[in-house]
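# Coordinates in review
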Amino acid sequence: MENKNYTIKDIARMAGVSAGTVDRVLHNRGDVSAASLEKVRKVLDEINYQPNLFAIGLAAKKRYRIVCLIPYYIEGNYWHAVAQGIGRAAQELAPFNVSVDFLHYTHAGEASYSQVCTQVLGEECDAVLLAPNFREETLQLTSALERKGTPYAFIDFNVEGTNALCYIGQDSRMSGYIAAKMLMGHYREGQELVFFLNNRKQNPAEIQMQRRMEGFMQYLEEKHVGLPVHDVVLDKENAEANRHTLDRFFHECPQAVLGVVFNSRVYQVADYLHATGRRMENLLGYDLLKRNVERLKTGEVDYLIGQRPALQGYGGVKALCSHIAFKRPVNPIQYMPIDVLIKENIDYYFEFE
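Residues numbered from 1 in each chain as written. Predicted model: local features only at pLDDT ≥ 70, side-chain atom pairs only at ≥ 80, totals over all residues. Heavy atoms only, no water.

Attention now goes to the overall build of the protein. On a plain count of helices and strands, the protein comes out with 13 helices and 12 strands. Counting all 353 residues of the protein, 49% fall into the buried class. Contacts in the protein between residues far apart in sequence, at least 24 positions, make up 69% of those at least 6 positions apart. Considering the protein, the positive charge centre built from 39 side chains and the negative charge centre built from 43 side chains are found 6 Å apart. (Helix = DSSP H or I, 4+ residues; strand = E, 2+ residues; numbered from the N terminus. Buried < 20%, exposed > 50% of the residue type's maximum accessible area, 1.4 Å probe, protein only. Contact = heavy atoms within 4.5 Å. Lys, Arg positive; Asp, Glu negative; His and termini not counted. Charge placed at Lys NZ, Arg CZ, Asp CG, Glu CD.)

Here it is as structure tokens:
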């Protein structure tokens with residue numbers, strides 16, 4: 001239908017209802033019959049009605065508060081990018097009486113995560129944006145939020161079996177499958193594969209890694225049955241210990257020349273390769289951290305998979321605001337692109353202009 005500005009009277013006439021009925025539907029004030037509601041919504045869909053959100057914000061007396069639970073971060077890391085996206089959304093939403101606050105936990109720290117889950121239940125807030133970590137603690141938190149009637153959204157990882165308003169992030173299994181397809185495209189007979197990890201596979205803190213590995217293993221089971229796969233567990237902080245671990249591994253397993261890191265720390269392996277002059281046939285990792293990108297450019301890393309963390313944070317806050325303040329429907333699954341970056345295209349990549 002032709003794009004034009006429709007008044008409430010126009011919409012009422014087209015729907016065959018009163019202007020007061022249209023006003024109640026637009027402002028979610030209730031006291032509208034199901035039949036009238038359906039008539040008005042049908043007209044709104046036909047004309048692609050877009051409310052004047054700025055006017056709504058100025059007129060609203062209610063203030064809305066969104067609380068965001070994400071890991072502690074340092075400048076330049078993955079969660080710093082998420083926080084930047086959240087901050088950008090908060091700036092845009094401030095005129096609509098929406099405030100955004102953070103609660104932080106230690107990534108992979110079960111006690112810290114449990115504590116912040118308990119803390120948010122004592123907060124006065126209208127919605128929660130959650131980067132989930134431990135599954136059981138997450139299910140306890142989301143059940144409590146549902147009992148309170150507080151909507152919540154997930155970013156980074158989707159925990160099934162909940163009633164989240166939406167999930168914004170990658171399809172983790174598919175990203176793992178694509179990672180395997182890219183890496184194994186270089187496979188030659190006799191080569192072996194290595195997973196560089198920071199925790200054991202069964203660690204309950206590593207639900208994101210586990211989902212990616214499921215997709216990766218699905219591809220191997222389809223195309224490379226029986227391929228030798230090694231696990232190397234690295235320390236998150238101790239570079240010297242990692243050097244000894246990697247020295248020993250590559251001495252004992254010289255055929256392990258294809259490597260993958262399922263988290264943001266591919267720079268640990270790449271820095272070792274750079275310092276020792278070793279090379280792997282192909283090394284793949286996740287996330288566009290500065291240190292990862294540096295090693296992509298110097299050639300130790302062959303592929304980085306980006307997942308647009310800033311856009312996840314931004315979209316999560318905007319989705320919750322659309323629901324609680326503007327009463328607009330929200331797409332329950334909003335997958336981020338699975339961006340594959342190589343040395344030749346990394347300089348052309350951006351997330352926000």
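Quick look at the sheet that holds strand β2 (residues 98-105) now. Spatially, 6 strands are ordered β2-β1-β3-β4-β5-β11 in an open sheet, and the strand pairing comes out parallel. Strands with a single pairing partner mark the edges of an open sheet, and in this sheet they are β2 and β11 (333-335). Across the sheet, the mean angle from the axis of one strand to that of its neighbour is 15 degrees, orientation sign disregarded. In this sheet, strand β3 (residues 127-130) lies alongside strand β1 (residues 64-71) in parallel orientation, the contact comprising 4 bridges. From the neighbouring strand, Val67 faces β3, where its bridge partner is Val128. Each of β1, β3 and β4 (152-155) touches helix α7 (residues 135-148); the most contacted strand, β4, lies at about 150 degrees to it. (Pairing = 2+ DSSP bridges. Axes fitted to C-alpha atoms, helices over the stretch in contact; angles between N-to-C directions.)

Glancing now at the pairing of β2. By the bridge criterion, 8 bridges tie β1 to β2 in an arrangement that is parallel. Residue pairing in the sheet places Cys68 in a bridge with Phe102 of β2. Crossover β1 to β2 through helix α5 (residues 78-93) is right-handed. (Right-handed = clockwise from strand over helix to strand, strands pointing away.)

Within the secondary structure, Lys42 is located in helix α3 (residues 34-46). A C-alpha to C-alpha distance of 46 Å links Lys42 and Gly76, two positions 34 residues apart in sequence.

For the rest of this paragraph, the subject is the side chain of Ser36. Here Ser36 is to be found in helix α3. Separated by 3.1 Å, the side chains of Ser36 and Ser33 make a polar contact. Once residues within four sequence positions are removed from consideration, Ser36 is found in contact with Val17 and Thr21. (Polar contact = N/O pair within 3.5 Å; in protein donor to acceptor, adjacent residues only side chain to side chain.)

For the pair helix α1 (residues 8-15) and α3, interaxial distance at closest approach is 9 Å and the crossing angle is 115 degrees. The two elements α1 and α3 cross, and the hand of that crossing is right-handed. Residues Ile11, Met14 and Ala15 of α1 lie in contact with α3, whose contacting residues are Lys39, Val40, Val43 and Leu44. Along the lines of polarity and charge, the residues of the contact of α1 with α3 split into 6 nonpolar, no polar and 1 charged. (Left-handed = near helix turned anticlockwise from the far one by under 90°. Nonpolar A, V, L, I, M, F, W, Y, C, P; charged D, E, K, R; others polar.)

A separate point is the pairing of strand β5 (residues 166-169). On β5, burial covers both faces: Cys166 and Ile168 on one face and Tyr167 and Gly169 on the other are all buried. Relative to β11, β5 runs parallel, the two being bridged by 3 bridges. Its bridge partner lying in β11, Gly169 is registered against Tyr335.

Before going further, it helps to examine the pattern of salt bridges. A full pass over the atoms with the stated rule returns 16 salt bridges. Arg211 is the salt-bridge partner of Glu214, the closest N and O atoms lying 4.0 Å from each other. Taken together, the residues span about one helical turn, with Glu214 and Arg211 both in helix α9 (residues 207-223) at a distance of 3 residues. Accessibility expressed as a relative area gives 13% for Arg211, which makes it buried. One connected set of salt bridges, linked through shared partners, spans Glu160, Arg173, Arg211 and Glu214. (Salt bridge = Lys/Arg side-chain N within 4 Å of Asp/Glu carboxyl O.)

Below, the discussion takes up helix α12 (residues 290-298). Those residues of α12 that sit buried are Asn292, Val293, Arg295 and Leu296. Projected down its long axis, α12 carries its buried residues within an arc of 165 degrees, all on one side. For α12, the elements touching its buried residues are α11 (266-276), β9 (282-286), β10 (303-306) and β12 (339-341). Gly299 sits one or two positions beyond α12 and adopts a positive phi of about 100 degrees. (Arc of directions from axis to C-beta.)

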